[in-house]
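What follows is the residue order along each chain.
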Amino acid sequence: MEPTIGEHLAQIRRRSTLTQEQLAERAGVSVETIRKLEQGERQGARTATLNKLARALGVSTSALFGNAARAVTDREPDARPLSLVGVRRALTPVVGLDGSPLDLDLGDQPPTLAGVRRTVAGANVSYHANDYAVTLATLPGMLGEARALVHAAPGDDQPAAHAIASQAHQLAGRLLIQLRQVDLAHVALTGALDHARLSGDQVVGASAAAPMCWLLIRQGRFAEAERLAVTTADRVEPRMSTASAAELAAWGFLLIKGAGAAVRDARDDDAAELLELAAAGAQRLGDRPNPNADVAGNDFSTEAVRLMQVECAVIAGQPDRALDLSEGVTRSPQVTPSSRQRHRLDVAWSHVQTGRYADATDVLVDLRTAAPAWLRQQQYARDIVQSITERRRRAMSAELADLTSLVGCTT
């Protein structure tokens, strides 16, 4: 069984020859916190606490996480059940009759809005950098902080606390979708929607609905995904003349999700209509930055609309049109790496469908160099590599062999 964070902490502390008391003084945390972590009485700790301990020990915070999360994101045999225990506990806490979690841990000091917001933002940085191992290891502590914040926040701060908790659950859901843990992702995103409702913030609610649409699409529930996207977009639809950047982005992002669901449900005209509306919103948004992009994964922009147009062409069986549309893609700072990487897979697939296997391989090699952790999680990438290997007429190149090994497809 993989060592826990507490066991890694104890090993590193002993190697540094520090006592628990010395480490506590150097890190500015209580001895009790260190003792509980090392003895396994506490399943996780706040990211801020782990950062303090890591700095005091002269190691990176990820060193305290060990290899369990790395094993899961690398899809190593038998790694998944062990490494997701902490995430499962954090998403499904045991509660009493009054609704309070039985294992609520406020730590040395109650969490603050600013502190938990920084934790969520930091986890999103890891996620968008394709460092799924660190993000996964961060989830239990981040979700615990968010839960404690909601419990401890005074009445006036409750809406903001629920908004942050929704963002934490959104990130958990997005990562779990990437790791193909659909049941846990559904739990996380249901929690995100619940917290969004309690926040009273429609932008947060729209942001929470978007990854749920993505999950429903992954499950083949296309009509439900489109209905959720469209009804939520109708509810939050802004006035174009006065809408803030956050409102426009939340609304437009849902239209893109709805289009993705509609085209998969063989309703190309409905998808095109939704994308026309989205394009109008993106033009109105212009170059204004979306303040919720980092924590909501919302990369709505003119480029995001074009990427979905390419995706729709691929799904509609029009690879030549997809390649033509891809030529018109202009890079936007709002678009996340994962969206752009997903688009590159659409380009690779279109090359395969038009017999340009070398071009498709070049695209995949670029992705392998830029985002190997992301690429190995993509069933789409395995399908593309499988198609290339089945259709090739020459012996397999070293590059194709490496890709086959990375994504885990048969030859």
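Source: prediction; values computed, not measured.

Chemist: Break down the overall build of the protein chain for me, citing the residues and quoting the values.
Modeler: Scanning the protein chain from N- to C-terminus turns up 24 helices and 0 strands. Within the protein chain, contacts between residues separated by at least 24 positions form 68% of all contacts whose residues are at least 6 apart in sequence. As displayed, the protein chain offers around 18800 Å² of accessible surface, 48% of which is attributable to carbon and sulfur atoms.

Chemist: Which residues make up the nonpolar core, and what are the values?
Modeler: In this structure, Met142, Leu176, Leu345, Leu364, Leu375 and Ile384 are the most contacted members of the largest nonpolar core, which totals 67 residues. When residues of this core are assigned to their parent elements, the largest contribution, 9 residues, is made by helix α11 (residues 158-178). When near neighbours in sequence (up to four residues on either side) are disregarded, Leu364 contacts Leu345, Ala348, Leu375, Ile384, Val385, Ile388 and Leu403. Judged by nonpolar contacts, the second largest core, of 33 residues, contains Ala245, Ala250, Ala271 and Met308.

Chemist: Please provide a residue-by-residue account of helix α16 (residues 268-285), values included.
Modeler: Compared with the 26 Å implied by 1.5 Å per residue over 18 residues, the 25 Å span of α16 between its first and last C-alpha is a close match. Regarding α16, the residues found buried are Ala271, Leu274, Leu275, Ala278, Gly281, Ala282 and Leu285. What you see down the axis of α16 is that its buried residues fit within an arc of 120°, all on one side. The outward face of α16, more than 90 degrees from its buried face, is lined by the exposed residues Asp269, Glu273, Glu276 and Gln283. As for α16, its buried residues are in contact with α14 (222-236), α15 (245-264) and α18 (302-315). Of the residues flanking the end of α16, it is Gly286, one or two places downstream, whose phi is positive at about 60°.

Chemist: Kindly report on the packing of α15 against α16, identifying the contributing residues and their values.
Modeler: Following both chains from N to C, one finds α15 and α16 inclined at 160°, their axes separated by 8 Å at the closest point. By the angle between their directions, the pair α15 and α16 is classed as roughly antiparallel. For α15 against α16, the interelement crossing comes out left-handed. From α15, Ala245, Leu248, Trp251, Gly252, Leu255, Ile256, Gly258, Ala259, Ala262 and Val263 reach across to α16, where they touch Asp268, Asp270, Ala271, Leu274, Leu275, Leu277, Ala278, Gly281, Arg284 and Leu285. Classifying every residue of the contact of α15 with α16 by side-chain character gives 14 nonpolar, 3 polar and 3 charged.

Chemist: Go over a negative patch on the surface, please, and point to the residues and values.
Modeler: A cluster of acidic residues, Asp268, Asp269, Glu273 and Glu276, forms a negative patch at the surface. Mapped onto the fold, Asp269 is located in helix α16.

Chemist: Before we move on, could you go through the packing of helix α21 (residues 357-370) against helix α24 (residues 398-407) and cite the residues and values that matter?
Modeler: Where α21 meets α24, the axes come as close as 10 Å, and the angle between the chain directions of the two elements is 55°. In terms of orientation, α21 and α24 fall into the oblique class. Note on packing geometry: the crossing formed by α21 with α24 is left-handed. Seen from α21, the contacting residues are Thr361, Leu364, Val365 and Arg368; seen from α24, they are Glu399, Asp402, Leu403 and Leu406.

Chemist: Now, about unusual backbone geometry: what can you tell me, with residues and values included?
Modeler: Phi is positive for Asn130, close to 65°, though the residue is something other than glycine. Relative accessible area serves as the criterion here: at 10%, Asn130 is assigned to the buried category.

Chemist: Please provide a residue-by-residue account of the side chain of Thr336, values included.
Modeler: Position of Thr336 relative to the elements: it lies in the loop between α19 (319-327) and α20 (337-353). Look at Thr336 and you get buried, because its relative accessible area is 8%. Residues within four places of Thr336 in sequence aside, it is in contact with His128, Gly297 and Asp299.

Chemist: Can you break down helix α12 (residues 182-199) residue by residue, with the values?
Modeler: Because an α-helix completes one turn every 3.6 residues, residues spaced three or four positions apart along the sequence face the same direction. Taking 1.5 Å per residue as the helical rise, α12 with its 18 residues ought to reach 26 Å, and the 25 Å between its terminal C-alpha atoms agrees with that figure. As for α12, its buried residues are in contact with α8 (85-91), α10 (132-152), α11 and α13 (202-218). Backbone geometry just downstream of α12 places Gly200 in the positive-phi region, at approximately 75°.

Chemist: An account of the pattern of salt bridges is needed here, citing residue identities and associated values.
Modeler: Once their charged atoms are close, side chains differing in charge can pair, the charge on each being opposite to the other. For the coordinates displayed, the defined rule picks out 11 salt bridges. Asp270 serves as the salt-bridge partner of Arg267, at 2.8 Å between the closest nitrogen and oxygen. Accessibility expressed as a relative area gives 31% for Asp270, which makes it partly exposed. Here Glu311 makes a salt bridge to Arg342, at a shortest N to O gap of 3.9 Å. In this pair, Glu311 is assigned in helix α18 and Arg342 in helix α20, connecting sequence segments 31 residues apart. Each of Glu226, Asp265, Arg267 and Asp270 takes part in a single network of salt bridges with overlapping partners.

Chemist: Can you tell me about the packing of aromatic side chains, naming the residues and giving the values?
Modeler: Inspection of every chain in the model, using the stated rule, returns 2 aromatic pairs. Ring geometry for Trp349 versus Tyr380: centroids 6.2 Å apart, planes at 55°, classification tilted. Taken together, the positions of Trp349 in helix α20 and Tyr380 in helix α23 (residues 379-391) put the pair 31 residues apart, joining distant regions of the chain.

Definitions and limits used
Residues numbered from 1 in each chain as written. Predicted model: local features only at pLDDT ≥ 70, side-chain atom pairs only at ≥ 80, totals over all residues. Heavy atoms only, no water. Helix = DSSP H or I, 4+ residues; strand = E, 2+ residues; numbered from the N terminus. Contact = heavy atoms within 4.5 Å. Areas by Shrake-Rupley, 256 points an atom, 1.4 Å probe, with all protein chains shown as cover. Core = buried A, V, L, I, M, F, W, Y, C linked by side-chain atoms within 4.5 Å. Buried < 20%, exposed > 50% of the residue type's maximum accessible area, 1.4 Å probe, protein only. Expected span 1.5 Å × (residues − 1). Arc of directions from axis to C-beta. Axes fitted to C-alpha atoms, helices over the stretch in contact; angles between N-to-C directions. Parallel < 35°, antiparallel > 145°, perpendicular 65-115°, else oblique. Left-handed = near helix turned anticlockwise from the far one by under 90°. Nonpolar A, V, L, I, M, F, W, Y, C, P; charged D, E, K, R; others polar. Patch = residues over 30% accessible without salt bridge, like charges linked within 9 Å, V, L, I, M, F, W, Y side chains within 5 Å. Salt bridge = Lys/Arg side-chain N within 4 Å of Asp/Glu carboxyl O. Lys, Arg positive; Asp, Glu negative; His and termini not counted. Charge placed at Lys NZ, Arg CZ, Asp CG, Glu CD. Phe/Tyr/Trp six-rings, centres within 6.5 Å; stacked < 30°, edge-to-face > 60°.

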